[in-house]
Amino acid sequence: MRALGRWLTEHWIAVGSPLLLLVAWEWASATGLLREAFFPRPSTIAAHLRQLAADGTLWGHTAMTLIRIGWAFALAAVLGVSVGLAMGLWRQLRDGLDPVFAVIYPIPSVLFLPFVSFLVPPGEIALVVTTAVTSFFLIAFSTTQGVRQIDRLVVEAAVHYGARGWRLFATVLLPGALPLIFTGLRLGLGFALIVVVAVEIVAASRGLGALLWLSWQILKIEDMYATFFVIAFLGALLSYGLAAFRARLLPWVQDVAEP
Amino acid sequence: MAVLLPAALLVLWEICSRFAVVPPRYFPPPTTVGWVLVDRVVAGDLGAQSLVTLARLGSAFAIAALPGVLLGLLMGVARPLRDAVEPYIAFIFPVPKITLLPFLLIILGVGEPAFVLTGATSAFFQIVISTLGGVQTMDPRLLARLFWKIILPAALPSIFTGLRLGLGLALVALVAVEFIAAKSGLGHLVYRHWQMLSTPEMYAAFALVGALGLLLTRGLRALQARVLAWQEEVGSL
């Protein structure tokens, strides 16, 4: 209780400011200062959110989005870490792929949808592969960086004491690259959410992005806000949850990509 | 290797497409795409649409840059402001900014302001966060007196990084917005030519977006390395 009190005296502004905003918003929409058609009251949005959750609509869409993120992330992680490790270990490959990646990476993932839908069967698989594109690059870049920043002295010492081939890789190179691999995975997961929403807006009939877009098209404004909050909640969960997870898993490293 | 591997990939694609190993309707040979690219940039709509995208990018960046840097600096200097605003930044930052598009479309109507603002928000939050990160590292006791002499110069690398990342994010958001909702710009061209299955034009527009992104990211990073030469390392992403 006292800990809570102390925490509150330190963070009362950070807690109070969003609360104040919600109250002000509620009041402004109720009195007509804000047009309720555009800015429905927070309490109305909450009611709609409850209703969407109660009739199961929300869970279906959320599950769909999460499944897509899961597959895309798995695909990006496996390919990204493998390619990243290979690029970190072999200079030739790195030099060759760098310019290719440099051109492709800045292209927004959603633009890959046409290309991917030519490449693989259109539909669910195309959505997942498109979602994986940006995450793949982030993970590959980060992993390459991870291998390259390992102290040369450490590697030389290991080689000197007889570590070669697989042993060198498994006991020195991989653990040394791990912190940055994790950073890449964290960024990749965050981007998977960003991309999946865009892809769902364009090309899916289910999923949170599709629900958001559909609510806009039929002007169900309250559902639009409700969906937005669910997406924002997922975003916070993914980015802050994973940061906390990393702190437990690799407590000795500072996260280089901390914004 | 830096020339060899990309060239080999292009040649491989060319051959596969010419001999119909892959369907040329979906994967036209790079030389065809190249010709279309040159032809359409000079004479056709590709050049004009690139300018549309660039104009949007310019407006979005202009809207986001100054307020973003100012808010970041103010939050760094004034603790109460930071406490009050940080929850919103933390809440919005991980959200895909494209989700703001329908809200802006409703409030502002379908049109340029909504498109541009979606790109601007994307850049804005990145700029605030990067700027704030640069100010935060200062000793608070020095803050009041030494703003112009120490704090601002010390924050400059972070501000530049924020602007650079922000510009990249704005481009990504804008092209996505064009792909989804606008009726002009490079993103829309990719969408339209995809729907019409005019694939050489589609790939040409696609390549232009890549070139634009490359130019912005690499160009600005090189600029940053020159202007802020004392800075140890310019982030790699």
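Conventions adopted
Residues numbered from 1 in each chain as written. Chains lettered and ligands numbered in written order. Predicted model: local features only at pLDDT ≥ 70, side-chain atom pairs only at ≥ 80, totals over all residues. Heavy atoms only, no water. Helix = DSSP H or I, 4+ residues; strand = E, 2+ residues; numbered from the N terminus. Rg over C-alpha atoms; globule rule 2.2 N^0.38 Å. Buried < 20%, exposed > 50% of the residue type's maximum accessible area, 1.4 Å probe, protein only. 1 Å grid on protein atoms, 1.4 Å probe; cavity = no way out; pocket = protein on both sides within 12 Å on 5 of 7 lines; lining within 4 Å. Points joined across faces, edges and corners; volume = space filled by probe spheres on them. Nonpolar A, V, L, I, M, F, W, Y, C, P; charged D, E, K, R; others polar. Core = buried A, V, L, I, M, F, W, Y, C linked by side-chain atoms within 4.5 Å. Contact = heavy atoms within 4.5 Å. Phe/Tyr/Trp six-rings, centres within 6.5 Å; stacked < 30°, edge-to-face > 60°. Lys NZ or Arg CZ within 6 Å of the ring centre and 35° of its normal. pLDDT = per-residue confidence, 0-100. Buried area = accessible area lost by both parts, 1.4 Å probe. Salt bridge = Lys/Arg side-chain N within 4 Å of Asp/Glu carboxyl O. Patch = residues over 30% accessible without salt bridge, like charges linked within 9 Å, V, L, I, M, F, W, Y side chains within 5 Å. Areas by Shrake-Rupley, 256 points an atom, 1.4 Å probe, with all protein chains shown as cover. Axes fitted to C-alpha atoms, helices over the stretch in contact; angles between N-to-C directions. Parallel < 35°, antiparallel > 145°, perpendicular 65-115°, else oblique. Left-handed = near helix turned anticlockwise from the far one by under 90°.

Caption draft 1: Structural detail: the overall build of chain A. Scanning chain A for helices and strands turns up 10 helices and 0 strands. Going residue by residue from the N terminus, the α and β elements of chain A occur as α-α-α-α-α-α-α-α-α-α. A globule of 259 residues ought to have a C-alpha radius of gyration of about 18 Å, yet chain A, at 23 Å, is considerably larger. Counting across all 259 residues of chain A, residues that qualify as buried make up 46%.

Caption draft 2: Quick peek at the layout of surface pockets. Approximately 1400 Å³ is the volume found for the second largest pocket. What lines the second largest pocket is a set of 35 residues, and nearest its centre among them are A:Val100, A:Ile104, A:Phe115, B:Trp13 and B:Phe206. At the level of elements, helix 3 (57-89), helix 4 (91-104), helix 5 (112-119) and helix 6 (124-148) of chain A together with helix 1 (4-18), helix 2 (30-42) and helix 9 (199-227) of chain B are the ones that each hand at least two residues to the lining of the second largest pocket. Here the lining of the second largest pocket is composed, by residue class, of 34 nonpolar, 1 polar and no charged.

Caption draft 3: Layout of the nonpolar core. Judged by nonpolar contacts, the single largest core of 130 residues is most densely connected at A:Phe101, A:Leu111, A:Trp213 and B:Ile98. Residue contacts for A:Phe101: discarding those within four places in its chain leaves A:Val83, A:Met87, A:Pro106, A:Phe136, A:Phe137, A:Ala140 and A:Phe141.

Caption draft 4: Broad picture of the packing of aromatic side chains. Applying the stated criterion to the full structure yields 25 aromatic pairs over all chains. Look at A:Tyr105 and A:Phe137: their rings are 6.3 Å apart centre to centre, the planes differ by 70 degrees, and that puts the pair in the edge-to-face class. Within this pair, whereas A:Tyr105 is found in the loop between helix 4 and helix 5, its partner A:Phe137 is found in helix 6, the two being separated by 32 residues in sequence. Judged by its relative accessible area of 24%, A:Tyr105 is partly exposed. We classify A:Phe137 as buried; its relative accessible area is 6%. Ring pairing ties together the aromatic residues A:Trp25, A:Tyr225, A:Phe228, A:Phe229, B:Phe91 and B:Phe103, which thus form one cluster. In this arrangement the basic side chain of A:Arg35 is found over the ring face of A:Phe38, its NZ or CZ atom lying 4.6 Å from the centre.

Caption draft 5: Region of interest: the environment of B:Ala48. Residue and element names in this part refer to chain B. Along the chain, the position of Ala48 falls in helix 3 (residues 45-77). For Ala48, a relative accessible area of 43% corresponds to the partly exposed category. A sequence separation of 82 residues divides Ala48 from Ser130, and the C-alpha atoms of the two residues are 33 Å apart.

Caption draft 6: Representation of helix 5 (residues 100-108) of chain B in the model. Residues and elements named next belong to chain B. Counting buried residues in helix 5 gives 7 out of 9 residues, a clear majority hidden from the surface. Leu100, Leu101, Pro102, Phe103, Leu104, Leu105 and Ile106 are the residues of helix 5 that are buried. Positive backbone phi, at 85 degrees, marks Gly109, one or two positions downstream of helix 5.

Caption draft 7: Structural detail: the side chain of B:Thr199. Mapping B:Thr199 onto the fold places it in helix 9. For B:Thr199, the residues in contact, after removing those within four places along its chain, are A:Phe118, B:Arg25, B:Tyr26 and B:Pro28.

Caption draft 8: How the structure looks around the confidence of the model for chain A. In this model, chain A carries a mean pLDDT of 86, and residues with pLDDT of at least 70 account for 97%. When mean pLDDT is compared element by element in chain A, helix 3 of chain A scores highest at 93, while helix 7 (residues 152-160) of chain A scores lowest at 81.

Caption draft 9: Geometry of the interface of chain A and chain B. Facing 54 residues of chain A, the contacting portion of chain B comprises 54 residues. The contact between chain A and chain B buries some 4700 Å² in all, and 85% of this surface belongs to carbon and sulfur atoms. Considering only the side of chain A, the residues that lose the most area to chain B are A:Leu111, A:Phe118 and A:Phe228, jointly responsible for 15% of the buried surface there. Linking chain A with chain B are 0 salt bridges, by the criterion used here. Of all the elements in the fold, those that place two or more residues in the side of chain A that touches chain B are helix 1 (2-31), helix 4, helix 5, helix 6, helix 8 (165-203), helix 9 (208-217) and helix 10 (221-249) of chain A. Per-element accounting of the side of chain A that touches chain B gives the leading share, 11 residues, to helix 10 of chain A. Its residues placed into classes, the side of chain A that touches chain B shows 45 nonpolar, 7 polar and 2 charged.

Caption draft 10: Expanded view of a nonpolar patch on the surface. A cluster of nonpolar residues, A:Leu4, A:Trp7, A:Leu8, A:Val15 and A:Leu19, forms a patch on the protein surface that exposes about 450 Å² of accessible area. Inspection of the secondary structure assignment puts A:Leu4 in helix 1.

Caption draft 11: Spatial organisation of the packing of helix 5 of chain A against helix 6 of chain A. Residues and elements named next belong to chain A. With their axes 9 Å apart at the nearest point, helix 5 and helix 6 run at an angle of 130 degrees to one another. With respect to each other, helix 5 and helix 6 are oriented oblique. Along this stretch, helix 5 crosses helix 6, giving a crossing that reads as right-handed. Where helix 5 approaches helix 6, its residues Phe112, Leu113, Val116 and Ser117 are matched on the opposing element by Ala126, Leu127, Val129, Thr130 and Val133. Residues that form the contact of helix 5 with helix 6 fall into these classes: 7 nonpolar, 2 polar and no charged.

Caption draft 12: Seen up close, the pattern of salt bridges. On inspection of all chains with the given rule, the structure shows 14 salt bridges over all chains. A:Arg68 is the partner of A:Glu200 in a salt bridge, and the nearest nitrogen-oxygen pair spans 2.8 Å. Here A:Glu200 is found in helix 8, whereas its partner A:Arg68 is found in helix 3, with 132 residues between them in sequence. Each member of the pair A:Glu200 and A:Arg68 is classed as buried. Of the charged contacts, one joins B:Arg56 and B:Glu112 as a salt bridge, the two residues approaching to 2.7 Å between their closest N and O atoms. Of this pair, B:Arg56 sits in helix 3 while B:Glu112 is found in helix 6 (residues 112-136), placing the two residues 56 residues apart along the sequence. Its relative accessible area of 37% is what places B:Glu112 among the partly exposed residues. Residues joined by salt bridges that share partners form a network here, namely B:Arg40, B:Asp45, B:Arg192 and B:Glu201.

Caption draft 13: Representation of the environment of B:Val172. In this structure, B:Val172 sits in helix 7 (residues 147-180). The class of B:Val172 is partly exposed, set by a relative accessible area of 31%. Each C-alpha atom, one on B:Val172 and one on B:Ser184, is 15 Å from the other, the two residues being 12 residues apart in sequence. With residues up to four places along the chain from it excluded, the contact list for B:Val172 reads A:Pro106 and A:Pro108.

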